[in-house]
Amino acid sequence: MDDYPLLNLFWTMFWFFLWIMWLFLLFKIVTDIFRDHEMSGWGKAGWLIFVILLPFLGVLVYVIARGKGMTQRDLKQAKDTEAAFQDYIRKTAGTAPAGSTRSSGVDELARLAELRDRGAITDDEFEKAKAKVLS
């Protein structure tokens, strides 16, 4: 360990970090190539060959040529995933989407009964609220 100076260790770590970042970008680009529905099959094959045969140049050219579309596809996928997750939560919890008028009187009565059972509201308040929900 005495024959490997500290500066060389920093340089090695720096190059290792860049290599890992490049691999991350390479996998992201290959994923983006397959995710793009507007690109033809021949276009996808061409980009894959370019990225695999000339990896450093291929990644650089892809980011320059298609980086904006890559970002848009990432944002669209994130929004679609978030919407699907929110929809799953709504279905699982049994609640209506925000802004929906599907509010059920039964749900409201159950909530009022729970409040009364916990002692948060009195029997008179419960009866008044129940009359309001049922009307």
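Our subject is the structure listed above.
A few points on the structure.

Thresholds, definitions, all that
- Residues numbered from 1 in each chain as written.
- Predicted model: local features only at pLDDT ≥ 70, side-chain atom pairs only at ≥ 80, totals over all residues.
- Heavy atoms only, no water.
- Helix = DSSP H or I, 4+ residues; strand = E, 2+ residues; numbered from the N terminus.
- Rg over C-alpha atoms; globule rule 2.2 N^0.38 Å.
- Buried < 20%, exposed > 50% of the residue type's maximum accessible area, 1.4 Å probe, protein only.
- Areas by Shrake-Rupley, 256 points an atom, 1.4 Å probe, with all protein chains shown as cover.
- Lys, Arg positive; Asp, Glu negative; His and termini not counted.
- Charge placed at Lys NZ, Arg CZ, Asp CG, Glu CD.
- Axes fitted to C-alpha atoms, helices over the stretch in contact; angles between N-to-C directions.
- Parallel < 35°, antiparallel > 145°, perpendicular 65-115°, else oblique.
- Left-handed = near helix turned anticlockwise from the far one by under 90°.
- Contact = heavy atoms within 4.5 Å.
- Expected span 1.5 Å × (residues − 1).
- Bend = angle between axes of the 7 residues up to and from the residue.
- 1 Å grid on protein atoms, 1.4 Å probe; cavity = no way out; pocket = protein on both sides within 12 Å on 5 of 7 lines; lining within 4 Å.
- Points joined across faces, edges and corners; volume = space filled by probe spheres on them.
- Nonpolar A, V, L, I, M, F, W, Y, C, P; charged D, E, K, R; others polar.

**A look at the overall build of the protein**
Right, on to step 1. Each helix and strand counted, the protein has five helices and zero strands in total.
Right, on to step 2. Overall, the protein shows an N-to-C arrangement of helices and strands of α-α-α-α-α.
Right, on to step 3. By the compact-globule yardstick of 14 Å for 135 residues, the protein is too spread out, its C-alpha radius of gyration being 29 Å.
Right, on to step 4. Expressed along its principal axes, the backbone C-alpha trace of the protein runs to roughly 85 × 55 × 20 Å.
Right, on to step 5. Going through the 135 residues of the protein one by one, you find that 17% of them count as buried.
Right, on to step 6. Total accessible area on the protein is roughly 10,800 Å²; 67% of this is exposed by carbon and sulfur atoms.
Right, on to step 7. Separation between the mean location of the 17 positive side-chain charges and that of the 17 negative ones in the protein comes to 8 Å.

**Here we look at the packing of helix α1 (residues 6-35) against helix α3 (residues 55-93)**
Two numbers describe a pair of packed helices, the interaxial angle and the distance between the axes.
Right, on to step 1. Taken N-terminus to C-terminus, the directions of α1 and α3 make an angle of 60°; their axes are 9 Å apart at the nearest point. Taken together, α1 and α3 sit at an angle that is classed as oblique. Between α1 and α3 lies a crossing of left-handed hand. Contacts from Trp-22, Leu-25, Leu-26, Lys-28, Ile-29, Asp-32, Ile-33 and Arg-35 of α1 reach α3 at Pro-55, Phe-56, Val-59, Tyr-62, Val-63, Met-70, Arg-73, Asp-74 and Gln-77.

**Details of α3**
Right, on to step 1. Look at α3: only 47 Å from first C-alpha to last across 39 residues, short of the 57 Å you get at 1.5 Å a residue.
Right, on to step 2. Bending of α3 peaks at approximately 75° at the position of Arg-66.
Right, on to step 3. For α3, the complete set of buried residues consists of Gly-58, Val-59, Tyr-62, Arg-66, Gly-67, Met-70 and Arg-73.
Right, on to step 4. If you follow the buried residues of α3, they end up packed against α1 and α2 (41-53).

**Looking at the layout of surface pockets**
Right, on to step 1. Here the largest pocket defines a volume of roughly 210 Å³.
Right, on to step 2. Lining the largest pocket are Arg-35, Asp-36, His-37, Glu-38, Gly-69, Gln-72, Arg-73, Lys-76 and Gln-77.
Right, on to step 3. Class assignment for the residues of the lining of the largest pocket results in no nonpolar, four polar and five charged.

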